[in-house]
Amino acid sequence: MEKLQAALDKARKTRQENGPESPRAPAKPTRAARSGDVEDLWQALPAIQIDDRTLEKHRLVTQVANTKATPFDILRTKVLLQMRQNGWKRIAITSPMPNSGKTTTACNLALSLGRQSDLRSMVLDFDLRDPSVKTFLNHTPQIGLGDVISGNAEFADQAVRIGPNVAFSMANKPESDPARLLLAEETANVIDRIELEYKPDVMIFDLPSMLINDDTRAFLKNVDCALVVIRAGKTRYKQFDISEREIAEQTNVVGVVLNAYQHADVAKSGE
Ligand SMILES: Nc1ncnc2c1ncn2[C@@H]1O[C@H](COP(=O)(O)OP(=O)(O)O)[C@@H](O)[C@H]1O
Ligand SMILES: [Mg+2]
């Protein structure tokens, strides 16, 4: 634990010294850096479409505006407001325990943001032990986010796009040593580089759960804020309390999503 804390302090110090506005220069210019125009870079990402069955199966309800999308649209507006007020670009989605709805929230938030044509958003699947964005979108990329972080591939060859302004960078298989990747300084450099080149307004990081291991704690130095997802009837108060405090030690807690809550009247009527 002490070792982890020391590494976190060192990484945070380096990041603070460099400042989020002045990311380290890449060792060699990527194809994206050479291309120049940001709009061209986004349009060069391969476009994918999610079929209706997949949308329904994974409760992805925000691609079009309707009553099902409303709770996520409200979340989008609230989160955006806080992020803009504070000049934040990077938001982590985490939870005390798995199966709380992190990936569901991350994808719906991204698709809701996608309906704002003046914004560019991206989702990065950093739940490297249990990557599932690929399942939610029914699309497994040939090259995974792990290859980009390890420096074996470029984001331009790895990420895909839904609509003109939402990018998804997905892991294609579980990584054997995710903690090492999440803590690595090179990972921070790669994220800085993507932000510098693609200039997203919002970067959403789908992260592992807090109480399973140290992965998320190690990674939070790379984000500006975090959204905590808890699941009604599953997450215990103590789990939430411990997680929330640990997250707040590392970054700004932007809000808490109570997922799968059913009002008693609705639950009784079976709706
Ligand atoms: N509000 C909800 N109602 C019913 N099922 C849900 C809800 N939110 C998520 N799920 C389902 O629960 C499972 C876990 O959700 P997921 O978003 O993958 O959680 P996590 O990323 O935290 O592990 C998935 O099968 C998902 O479709
Ligand atoms: Mg998940």
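The rules behind the values
- Residues numbered from 1 in each chain as written.
- Chains lettered and ligands numbered in written order.
- Predicted model: local features only at pLDDT ≥ 70, side-chain atom pairs only at ≥ 80, totals over all residues.
- Heavy atoms only, no water.
- Helix = DSSP H or I, 4+ residues; strand = E, 2+ residues; numbered from the N terminus.
- Buried < 20%, exposed > 50% of the residue type's maximum accessible area, 1.4 Å probe, protein only.
- Contact = heavy atoms within 4.5 Å.
- Pairing = 2+ DSSP bridges.
- Axes fitted to C-alpha atoms, helices over the stretch in contact; angles between N-to-C directions.
- Parallel < 35°, antiparallel > 145°, perpendicular 65-115°, else oblique.
- Nonpolar A, V, L, I, M, F, W, Y, C, P; charged D, E, K, R; others polar.
- Expected span 1.5 Å × (residues − 1).
- Near = heavy atom within 4 Å.
- Polar contact = N/O pair within 3.5 Å; in protein donor to acceptor, adjacent residues only side chain to side chain.
- Areas by Shrake-Rupley, 256 points an atom, 1.4 Å probe, with all protein chains shown as cover.
- Core = buried A, V, L, I, M, F, W, Y, C linked by side-chain atoms within 4.5 Å.
- Salt bridge = Lys/Arg side-chain N within 4 Å of Asp/Glu carboxyl O.

### Structural notes on the overall build of the protein chain
Secondary structure summary: the protein chain contains 14 helices and seven strands in total. For the protein chain, the residues scored as buried account for 51% of the 271 residues in total. Summarising the internal contacts of the protein chain: among those between residues at least 6 apart in sequence, 82% fall at separations of at least 24.

### Observations regarding the pairing of strand E5 (residues 202–206)
Extensive coverage of E5 is indicated by the burial of five of its five residues. Of the two faces of E5, the one carrying Val202, Ile204 and Asp206 and the one carrying Met203 and Phe205 are both buried. Pairing of strand E1 (residues 90–94) with E5, which is carried by four bridges, proceeds in the parallel orientation. By the bridge assignment, Arg90 is partnered in E5 with Met203. Here strand E2 (residues 121–125) runs beside E5; their pairing, made up of five bridges, is parallel. Bridge pairing links Leu124 to Phe205 in E5.

### As for the packing of helix H5 (residues 70–86) against helix H6 (residues 102–114)
In contact at an axis separation of 9 Å, H5 and H6 are set at 80° when each is read in the N-to-C sense. One way to sum up the angle between H5 and H6 is to call them roughly perpendicular. Listed contacts from H6 to Phe72, Asp73, Leu75, Arg76 and Leu80 of H5 are Thr105, Asn108, Leu109, Ser112 and Leu113. Within the contact of H5 with H6, the residues separate by chemical class into five nonpolar, three polar and two charged.

### Some details on the side chain of Thr62
Note on placement: Thr62 falls in the loop between helix H4 (52–57) and H5. Taking the relative accessible area as the measure of exposure, Thr62 reaches 0% and is therefore buried. Setting aside residues up to four positions removed in sequence, Thr62 forms contacts with Ala69, Phe72, Asp73, Cys107, Asn108, Leu111, Ser112 and Arg115.

### Digging into helix H11 (residues 185–198)
Taking 1.5 Å of rise per residue, the 14 residues of H11 would be expected to cover 20 Å, and the 20 Å separating its terminal C-alpha atoms lies within 8% of that figure. With 11 of 14 residues buried, H11 lies mostly within the body of the structure. Within H11, burial applies to Thr187, Ala188, Asn189, Val190, Ile191, Asp192, Arg193, Ile194, Glu195, Glu197 and Tyr198. Just past H11, the residue Lys199 takes up positive phi, approximately 45°.

### Quick word on the site of ligand 1
Around ligand 1 sit Arg59, Pro98, Asn99, Ser100, Gly101, Lys102, Thr103, Thr104, Phe136, Arg231, Asn259 and Ala260, and those are all the residues in its vicinity. Between an oxygen atom of ligand 1 and a side-chain N or O atom of Thr104, the distance comes to 2.5 Å. For ligand 1, a nitrogen atom lies 2.9 Å from a polar atom in the side chain of Asn259. Here ligand 1, which alone exposes 550 Å², has 75% of that area covered by the protein. The leading source of residues in the shell around ligand 1 is H6, at three residues.

### Some details on the nonpolar core
If you look at the biggest cluster of nonpolar residues, it comprises 36 residues, and the most contacted ones within it are Met122, Leu124, Phe126, Phe155, Tyr198 and Phe205. If you tally residues by element for this core, the top one is H11, at four residues. With near-sequence residues (within four places) excluded, Leu124 lies in contact with Leu145, Phe155, Ser169, Ile194, Met203, Ile204, Phe205 and Asp206. The next biggest cluster of nonpolar side chains, apart from the first, holds 35 residues, and it includes Leu55, Leu80, Ala106 and Val133.

### Some words on the environment of Gln250
You can see Gln250 is positioned in helix H13 (residues 237–250). For the pair Gln250 and Arg217, spaced 33 residues apart in sequence, the C-alpha to C-alpha distance is 7.4 Å.

### Concerning the environment of Thr187
Turning to its location among the elements, Thr187 is positioned in helix H11. Since its relative accessible area comes to 0%, Thr187 is described here as buried. Put simply, Thr187 and Gly146 are 41 residues apart on the chain and 9.6 Å apart in space, counted from C-alpha to C-alpha. The contact partners of Thr187, leaving out residues within four places of it in the chain, are Phe126, Ile149, Leu181 and Phe219.

### Let's talk about the pattern of salt bridges
Under the defined criterion, the tally for this structure stands at nine salt bridges. Residue Glu195 pairs with Arg90 through a salt bridge whose shortest N-O separation is 2.7 Å. Of the two residues, Glu195 sits in helix H11 while Arg90 sits in strand E1, which places them 105 residues apart along the sequence. Glu195 gets classed as buried once you look at its relative accessible area, which sits at 17%. Of the residues examined, Arg90 reaches a relative accessible area of 2% and is grouped as buried. A cluster of three or more residues bridged by salt bridges with shared partners is formed by Arg90, Asp192 and Glu195.

These figures capture arrangement, not role.
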